[in-house]
Amino acid sequence: MLPQSNILPAPHPRRWLILFAVMTAGIMGPIDGSVVNVALPTISRVFNADLNTVGWVAMAYLLVLGSLILIYGRLGDMYGFRRVLLMGIAIFTVASGICALAPNIWILIAFRAIQAIGAGMFMAMGPAIITSVFPPYERGRALGTNGMIIATGLALGPTLGGLLVTVAGWQAIFTINIPIGILSYILCRQVVPATKDLQPQRFDLTGAALVFFSLSAFLLAGSYGEEWGWTSPVTLMLGLMFLVGTWTFIRWERRVEQPMLDLTLFHNKVFTAANFAALMNFMSQYAMIFLIPFYLQQILNHTPGQAGLILTASPLLTLLIAPVSGALSDRLGTRWLAFTGQAIVSITLFLMAGLKVTSQVLDIIWRLCLFGFGTGIFQSPNNSAVMGSIPRHRLGIGSGVLATVRNVGMVLGIAVSSGVFTWQREAKLAVLGPAGTTMAFMAGLKAAFLVGTCLAAAGALASLVRSDNLPSSGQ
C-alpha cells in the first residue's frame, strides 16, 4: 500500500475552468455511444452489410469501452490523470476522422473499437480529475455538473444523430467529433494540471489481461444472450469464461504486490455500498430505456422519431436536477439524498408496471419525468460518496470502478429485463395463443418493470449504508 497523506491540498484556483475543460471531452463519450444507432440503417445500405454485421459498429464500441475502462483508472494513478486524458482525446479524435473515411464496413468497425479506446481514457479520468482539484465541500456540486453533461450527451445523441444523417450524411456523426476533440485537447492541455509526486509503480499486466478477458466475456454474453439463447452453448461458455476469469483475477490481485485493482478499496463499506447502489440504478434505468421504445412503437403505434422525443423527458429532468442535487449534497450529506432519489426511481418503475394498452402519451411522459427526477437526485450524491471514500492516490482506479459499474449495469439491465420480459410473454402466449399477443406483451412488460422496481429498491437500501457526515468534515 502506498503512503497516503491526511492533509488535503488547497482548492485549485482554476478548478471551475478545469471542470469545463473536462466536460468538453466528457460529452463526446455518451453522445458517440448513442448517436451511431440512428445511422445504422444508412450505414447498412451504403456498405451493403447485413443487420448482424452492421450491429458491430455499435457493439464494438460498447464492448471495448466496457472492457478497458477499469484499466485506464489504474494508468491514471500511475502516469497522471492529465496524460491519460490527453492521450484519450487524441486517439478518439483521430479515430473519428478515419471512421468518416472508412472504405468498407470492417474498417469502420475496427476504428469504432479504437474510438472506444480513446473514449474510455477520458471518461475514466473525468471524476478523478474533478475530485483531485475540488475541495470536499464543493465536490458534489462539481460532480453533479459533470453528470449534467453526461445526461446532455445521452439526451442529444439520438436527436443529433438523426439531424446529422439527414442534413450531411452518415459521415457527419464522426466528423463532428474532430473540431470538438481539437478544442477539448487544446483546452485540457492548457488548464488541467499535471499530477505531482507520482510514485514509481509497476503495471499489473496479468491483472489487466484477466479483467479484460472477464469483462469482455460478460459483456458479450449480456449483449447477445437474448439473441443466442441464455442456455445456448456459446452463452454458457462465455458465462463460464467470465466466472473462471473473475475467480482467477481476484486470486491474482490478492497475491501481486502492486495490483491492477486494489481490492482493499472494497473493505470500505461506503465505497462498496455506493457502487452497488449505482449498479442497481443503472440496471433499473436501462430496463426502462430498453423496453419503453418497444411499448411506444409496437403497442401505441408511435413512429421511431416520436418515441425518441418522448424518451428525452427523462434525461432532460436528470440534466436539470443533477447539479442542484450535487450542491445540496455538499450541505446536507449524501445519504438521504441518494436514498430519496433511488426510492423515487423504484416507485416510478412500479408505476410504469401499471401502464396499459390505452395509456396516453402524457401518462408516459410524467412517469419518465419522475424517473429522471429521481435519477438526477440520486446520481450526484452517490458519485460524491464513491469518490469521497477513496484515498487520493487511488482516485484513478476508483473512478474506473465507477465507470465500469455504469457499463456493467447498462448491459445487465438490458439482459435481465429482456429475459424476464421474454419469459413472461412466452408463458402468457402459451396460454392465450396468437390472439393474445398484445396481452402477452403487456404481461411481460409489467413483470420486467416489477423486477426493476425491486432492483431500484435494493439500491435505495444500499444508499443508507453510509454516515451523514458532511463533506466539509474532510473525508
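Residues numbered from 1 in each chain as written. Predicted model: local features only at pLDDT ≥ 70, side-chain atom pairs only at ≥ 80, totals over all residues. Heavy atoms only, no water.

Selection rule: UniProt positions are given in the numbering used here, feature names are shortened, and annotations may be inferred rather than shown by experiment.
By the naming in an unreviewed UniProt entry, the chain goes by Multidrug resistance protein stp and is assigned to Neomoorella stamsii. Under the UniProt heading Subcellular location (unreviewed entry), the entry covering the chain gives this text: "Cell membrane".

**Focus on the nonpolar core**
Which entries qualify depends on this criterion: Here, nonpolar core means buried Ala, Val, Leu, Ile, Met, Phe, Trp, Tyr and Cys residues that are tied together by side-chain atoms lying within 4.5 Å of each other. Throughout this description, buried means an accessible area under 20% of the type-specific maximum (1.4 Å probe, protein chains only), exposed means over 50%, and partly exposed covers the range between. The contact definition used throughout considers only heavy atoms, calling two residues in contact when any of these lie within 4.5 Å.
Core analysis: the biggest nonpolar cluster contains 103 residues, and Ile43, Ile105, Leu108, Phe122 and Val192 have the highest contact counts within it. Filtering out sequence-adjacent residues up to four positions away, Val192 remains in contact with Ile18, Ala21, Val22, Arg82, Leu85, Ile129 and Leu187. Within the second largest apolar cluster, 27 residues are counted, among which are Leu291, Ile310, Ala353 and Ala447.

**Re the environment of Glu138**
As a reminder, the rule being used: Each helix is a run of H or I in the DSSP string that is no shorter than four residues. Each strand is a run of E no shorter than two, and both are numbered from the N terminus.
When you line up the elements, Glu138 lands in helix α6 (residues 136–168). Sequence spacing of Glu138 and Arg331 is 193 residues, and the spatial spacing of their C-alpha atoms is 9.1 Å. Not counting chain neighbours up to four residues away, the residues in contact with Glu138 comprise Arg15, Trp16 and Asp330.

**Quick notes on the packing of helix α9 (residues 205–228) against helix α10 (residues 233–255)**
The cut-off we apply is this: Angular values range over 0 to 180 degrees, each being the angle between N-to-C directions of two axes fitted as lines to C-alpha atoms, with helices fitted over their stretch in contact. Note on terminology: angles under 35 degrees are roughly parallel, angles over 145 are roughly antiparallel, angles of 65 to 115 are roughly perpendicular, and the others are oblique. In a left-handed crossing the near helix is turned counterclockwise from the far helix by less than a right angle, and in a right-handed crossing that turn is clockwise. Classes in brief: Ala, Val, Leu, Ile, Met, Phe, Trp, Tyr, Cys and Pro nonpolar; Asp, Glu, Lys and Arg charged; the others, Gly included, polar.
α10 packs onto α9 with a crossing angle of 155 degrees between their chain directions and a minimal axis gap of 8 Å. By the angle between their axes, α9 is roughly antiparallel relative to α10. For the element pair α9 and α10, the recorded crossing hand is left-handed. Counting all contacts with α9, which are made through Thr206, Gly207, Leu210, Val211, Phe213, Ser214, Ala217, Phe218, Leu220, Ala221, Gly225 and Trp228, the residues of α10 involved are Val234, Thr235, Leu238, Met241, Phe242, Gly245, Thr246, Thr248, Phe249, Trp252 and Glu253. Here the residues of the contact of α9 with α10 are counted per class, giving 14 nonpolar, eight polar and one charged.

**Describing the packing of aromatic side chains**
Aromatic rings considered in pairs are described by the distance between their centres and by the relative angle of their planes. Which entries qualify depends on this criterion: Aromatic rings from Phe, Tyr and Trp, with only the six-membered ring used for Trp, were paired whenever their centres fell within 6.5 Å, and each pair was classed as stacked if the ring planes differed by under 30 degrees, edge-to-face if by over 60, and tilted otherwise.
Counted under the stated rule, the structure contains eight aromatic pairs. Aromatic side chains Phe92 and Phe122 sit 5.4 Å apart centroid to centroid with 80 degrees between the ring planes, which places their arrangement in the edge-to-face category. Remark: Phe122 occurs in helix α5 (residues 105–133) and Phe92 occurs in helix α4 (residues 81–100); sequence separation between them is 30 residues. Take Phe92 and Phe122: they sit in the same class, and that class is buried. Here the aromatic cluster, defined as three or more aromatic residues joined through ring pairs, consists of Phe47, Trp170 and Phe174.

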